[in-house]
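Breakdown of the fold
Each chain, letter by letter, is given below.
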Amino acid sequence: QVHLVESGGGLVQAGASLRLSCVASERTFSNYPMGWFRQAPGKEREFVSAINWSGDTVYYEDSVKGRFTISRDKNTVYLQMNSLKPEDTAVYYCVADGFNTGTLASEYTYWGQGTQVTVSS
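Residues numbered from 1 in each chain as written. Predicted model: local features only at pLDDT ≥ 70, side-chain atom pairs only at ≥ 80, totals over all residues. Heavy atoms only, no water.

Looking at the side chain of Thr-76
Here Thr-76 shows up in strand β8 (residues 76-81). Not counting residues up to four positions away in its chain, the partners in contact with Thr-76 are Cys-22, Val-23 and Ser-71. (Helix = DSSP H or I, 4+ residues; strand = E, 2+ residues; numbered from the N terminus. Contact = heavy atoms within 4.5 Å.)

Okay, structure coming up:
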């Protein structure tokens, strides 16, 4: 059974940085797109960023462009989050195994349990 295990969340002040990590339990995921979604309280889950298998194609949600950077090393994906804002507060979910490097939740089969990111003002 495939597992995606996230780490790196926490409570920080506005302007700080955090680095999220996600490890897929099978090395075959080094050949598949991976990414991140987030869900804030009372809001729908939204796309944050995605990266293709080779790392040369990446996508970002508009509000995080220039502040977040996605990268990967085989079956591990990272999300470097700089200049964090209170509106970035959410549970962040790692995703994997989309056919395409897409921005829709329905394109990803595997989801992690989520890691909480809280940004205080």
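Concerning the state of the cysteines
Counted according to the given criterion, the structure contains one disulfide. For Cys-22, the disulfide goes to Cys-94, at an S-S distance of 2.0 Å. On the S-S bond that ties Cys-22 to Cys-94, the torsion sits near -80°, and the link is left-handed. Within this pair, whereas Cys-22 is found in strand β3 (residues 18-24), its partner Cys-94 is found in strand β9 (residues 90-96), the two being separated by 72 residues in sequence. Of the residues examined, Cys-94 reaches a relative accessible area of 0% and is grouped as buried. (Disulfide = S-S within 2.5 Å. Buried < 20%, exposed > 50% of the residue type's maximum accessible area, 1.4 Å probe, protein only.)

Re the pairing of β9
Looking along a regular strand, one sees side chains alternate from face to face of the sheet. Of all seven residues that make up β9, six are buried, and the element is covered over most of its length. Where strand β4 (residues 34-39) and β9 come together, six bridges link them in antiparallel fashion. Counterpart to Trp-36 in the pairing with β9 is Cys-94. Relative to strand β11 (residues 115-120), β9 runs antiparallel, the two being bridged by three bridges. Considered in β11, the bridge of Ala-90 is made with Val-117. Two elements, β9 and strand β10 (residues 110-111), share two bridges in a ladder whose sense is antiparallel. Bridging across to β10, Ala-96 finds its partner in Tyr-110. (Pairing = 2+ DSSP bridges.)

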